[in-house]
Amino acid sequence: MYRPLPDSITIGESKIEGLGLIAKEEIKSNILIGKIHIPDEREPNGYFRTPLGAFGNHSRKPNCFKLLMEDGSWWIMSNQDIKIGDEITWQYTLYEV
């Protein structure tokens, strides 16, 4: 079942810009967190951005990375332990997902 946000994450004030994704629970390294882009040929860039993808902020020192799945969707996975209250970030690729 698709969920817009995992139970371990909420939307809150970002230290980077506007609103961001905030960890409600500790997230261990190498955990698959959720979908950020789903293939959709009706969209101009070929992808539908999920709520998880919409509220994620860019960082040059991210705590997550993007992962392309076999079905063409993009997910984020933690690359380090993330503490409660930390913002979930990944490096943008200027919408070239």
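Coordinates for the structure precede this section.
This one's a predicted model, so the numbers in the text were calculated from it and none came from an experiment.

In this section: the overall build of the protein. Per the secondary structure count, the protein includes one helix and eight strands. Its helices and strands in sequence order give the protein the pattern β-β-β-β-α-β-β-β-β, from N to C terminus. Computed over its C-alpha atoms, the radius of gyration of the protein comes to 13 Å, within 12% of the 13 Å expected for a compact globule of 97 residues. Seen through its principal axes, the protein has C-alpha atoms that stretch 35 × 25 × 20 Å. Burial analysis of the protein (97 residues in total) assigns 39% to the buried set. Partitioning the contacts of the protein with sequence separation of at least 6, the portion at a separation of at least 24 is 61%. Averaged over its 11 positive side-chain charges, the protein has a centre that lies 5 Å from the centre of its 14 negative ones.

Here serine 73 lies in the loop between strand E6 (64-68) and strand E7 (74-78). Engagement of the side chain of serine 73 in a polar contact is seen with the side chain of aspartate 71, the distance being 2.6 Å. A polar side-chain atom of serine 73 sits 3.1 Å from a polar atom in the side chain of tryptophan 75. When neighbours within four sequence positions are excluded, serine 73 is seen to be in contact with Lys35, His37, Ile38, Pro39, Leu67 and Leu68.

All right, on to the sheet that holds strand E2 (residues 19-23) then. Spatially, the four strands line up as an open sheet ordered E1-E2-E8-E5, and their pairing is mixed. The strands lining the two open edges of the sheet, one partner per strand, are strand E1 (9-13) and strand E5 (57-58). Sheet topology places E5 next to strand E8 (residues 87-90); two bridges connect them, and they run parallel. What sits directly across from histidine 58, in E8, is tryptophan 90.

Rules of the game
Residues numbered from 1 in each chain as written. Predicted model: local features only at pLDDT ≥ 70, side-chain atom pairs only at ≥ 80, totals over all residues. Heavy atoms only, no water. Helix = DSSP H or I, 4+ residues; strand = E, 2+ residues; numbered from the N terminus. Rg over C-alpha atoms; globule rule 2.2 N^0.38 Å. Buried < 20%, exposed > 50% of the residue type's maximum accessible area, 1.4 Å probe, protein only. Contact = heavy atoms within 4.5 Å. Lys, Arg positive; Asp, Glu negative; His and termini not counted. Charge placed at Lys NZ, Arg CZ, Asp CG, Glu CD. Polar contact = N/O pair within 3.5 Å; in protein donor to acceptor, adjacent residues only side chain to side chain. Pairing = 2+ DSSP bridges.

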